[in-house]
Amino acid sequence: MTSRLRNVPFSILDRSRTRQGRERSEALRDTVRFAQQAEALGYHRFWVSEHHSVPGVAGSAPTVLAAAVASATDRIRVGTGGVMLPNHRPLVVAEQFGVLASLFPGRIDMGLGRSVGFTDGIRRALGAEKDAAQDFGAQLAELLGWFTGEQRAYPQVHAHPAEGLTLPAFVLATGAGADVAAEAGLGLVIGDLRGRDRMLRAIDRYREGFRPSAWSSAPYVVVSGNVAVAGTTAEARRLLAPEAWAMAHSRTRGSFPALTPPEEIATLDMTEKERGFYAEGLSGQLYGTEDEVAAALDELIGRSGADEVLVTTSTYDRDALLDSYRRLARVAGLAGLAGDPVSV
């Protein structure tokens, strides 16, 4: 364990991934239980995501799920990674976060993204156009204006109870969003780890262009990605197989499926194209033994100057997933129950 790891908070983004042979509702209950376990291990934040009409993801209403997570925990920060602004009216988003921040003062984070639905049908159902992400900067400015009371587009309209509240706000980005975060003076959450050089260039642009704001006086970079830790390198790589196959499946068949057990994936007769995407999904990720992951994280934090690491790992076996996060807590020196069994 290095001083870099000890000085950087570690957090979790859970996507409420569905699992083959199990009900979608079980994935949401698993997320709430996982948040309790993450809190016991000493993780800093626990975020949930937004996906619509995706068979492999149960989390479609992140602010509702965040409320359930916050109710079931006591100390860990809770937020969204993220609410996708093109899918919502900024006033409604402000009101939702205003309610969350009022019910759980000092614990709520507002993570915001610019993605739109994957298909034309989803976008139509959400009332969002394919190019809606291009208006993200304006949507973000309106949203922040509802909190400060400075929005002027709708005179005599106020976002209660959000107006007057200030809570940590972040922009989720892979590239262009970094510039929006810098201009707005918000924290930056950036991935993925497979495109390391591209990610580092975006971080540099963010720091260079950052404008201090009421939300943040200085740049704050959260590096996000998959991190798997196990007793052996092979076991850690095996943890990443279900997500890698789901991605390969979606890119070749147009549907992002529930997680499949890794032993089934090993027997699949993949096409050449599927095998290529599967290998791509496994490459560039951080996985290995505790010593191997500690060294890789030390290098990542050193190169990026990250202020925080947000871990997004999913796998089919929930016990193995918890063991990975327990081992990572030990690697990071988190002030929780990193050395003890955790079950909630």
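In what follows, the structure referred to is the one given above.
Since the structure is predicted, the reported quantities are computational estimates derived from the model, not experimental observations.

(A) Focus on helix H11 (residues 272-282). Within H11, the full set of buried residues consists of Glu274, Phe277, Tyr278, Gly281 and Leu282. Relative to the axis of H11, the buried residues are bounded by an arc of 140° and lie together on one face. Facing away from the buried side of H11 by over 90 degrees, the exposed positions are Glu272 and Lys273. Tucked inside the fold, the buried residues of H11 contact helix H9 (233-253), helix H10 (262-265) and strand E10 (286-288). Taken from the residues just after H11, Gly284 is the one with a positive phi, measuring 80°.

(B) Spatial organisation of the pairing of strand E7 (residues 187-190). Of the two faces of E7, the one lined by Gly187 and Val189 and the one lined by Leu188 and Ile190 are each fully buried. By the bridge criterion, four bridges tie strand E6 (residues 169-173) to E7 in an arrangement that is parallel. What sits directly across from Leu172, in E7, is Val189. Handedness of the crossover joining E6 and E7 through helix H7 (residues 177-184) is recorded here as right-handed. In terms of strand pairing, E7 meets strand E8 (residues 221-225) through three bridges, oriented parallel. Directly across from Ile190, in E8, lies its bridge partner Val223. Between the parallel elements E7 and E8, the chain passes through helix H8 (residues 196-209) in a crossover that is right-handed.

(C) Molecular detail of the pattern of salt bridges. Throughout the structure, instances matching the rule amount to 16 salt bridges. For Arg17, the salt bridge goes to Glu243, with nearest N and O atoms at 3.1 Å. Taken together, the positions of Arg17 in the loop between strand E1 (10-14) and helix H2 (24-41) and Glu243 in helix H9 put the pair 226 residues apart, joining distant regions of the chain. Take Arg17 and Glu243: they sit in the same class, and that class is buried.

Rules of the game
Residues numbered from 1 in each chain as written. Predicted model: local features only at pLDDT ≥ 70, side-chain atom pairs only at ≥ 80, totals over all residues. Heavy atoms only, no water. Buried < 20%, exposed > 50% of the residue type's maximum accessible area, 1.4 Å probe, protein only. Helix = DSSP H or I, 4+ residues; strand = E, 2+ residues; numbered from the N terminus. Arc of directions from axis to C-beta. Contact = heavy atoms within 4.5 Å. Pairing = 2+ DSSP bridges. Right-handed = clockwise from strand over helix to strand, strands pointing away. Salt bridge = Lys/Arg side-chain N within 4 Å of Asp/Glu carboxyl O.

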